[in-house]
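Letter by letter, the chains look like this.
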Amino acid sequence: MLQVGPIEQITNIDRNVLRLGIFELKILQEVPPKVAINEAIELAKSYGGPASGKFVNGVLGSIYKDIPEDEKAALEEKTKKKDKFLLKKQKLKKKLNLSLLKKHREKMTTKHQVLKR
């Protein structure tokens, strides 16, 4: 297990980025673990100090290593199913939007024709 040291020595930005990353990895589990880690690294690089990205990567990478393999596989499967669901949802939403847009155009064309008379 990675020993970080006293929590008070970690900058506020790094500590909060780690909180978010750990929450996404261990509790939320809605995004693939590697995506959660990469997002946390990017946040740390953007808002933390020069070594924040490497530090966050090390801590979250260590936590990810400690997750049992069967749990990792289940997590990957869960996020794949969710991705498929979201893709279907986006397609349906697009169809609905196109249908609504078509109806709106028809309505506007009818209004325009009435106004022309």
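These notes cover the structure that comes with them. The structure presented is a predicted model; accordingly, all values stated were derived computationally and were not measured.

## Some words on the side chain of K72
Part 1: Along the chain, the position of K72 falls in helix α4 (residues 69–116).
Part 2: Here K72 falls in the buried class, since its relative accessible area comes to 10%.
Part 3: A distance of 3.3 Å separates a polar atom in the side chain of K72 from the backbone oxygen of Y64.
Part 4: Non-local contacts of K72, meaning those with residues more than four positions away in its chain, are made with Y64, K65 and I67.

## Examining a positive patch on the surface
Part 1: Taken together, K80, K81, K84, K88, K91 and K95 make up a surface patch of like positive charges.
Part 2: Structurally, K91 can be placed in helix α4.
Part 3: Using a relative accessible area of 55% as the deciding quantity, one classes K91 as exposed.

The rules behind these values
Residues numbered from 1 in each chain as written. Predicted model: local features only at pLDDT ≥ 70, side-chain atom pairs only at ≥ 80, totals over all residues. Heavy atoms only, no water. Helix = DSSP H or I, 4+ residues; strand = E, 2+ residues; numbered from the N terminus. Buried < 20%, exposed > 50% of the residue type's maximum accessible area, 1.4 Å probe, protein only. Polar contact = N/O pair within 3.5 Å; in protein donor to acceptor, adjacent residues only side chain to side chain. Contact = heavy atoms within 4.5 Å. Patch = residues over 30% accessible without salt bridge, like charges linked within 9 Å, V, L, I, M, F, W, Y side chains within 5 Å. Areas by Shrake-Rupley, 256 points an atom, 1.4 Å probe, with all protein chains shown as cover. Salt bridge = Lys/Arg side-chain N within 4 Å of Asp/Glu carboxyl O. Lys, Arg positive; Asp, Glu negative; His and termini not counted. Charge placed at Lys NZ, Arg CZ, Asp CG, Glu CD.

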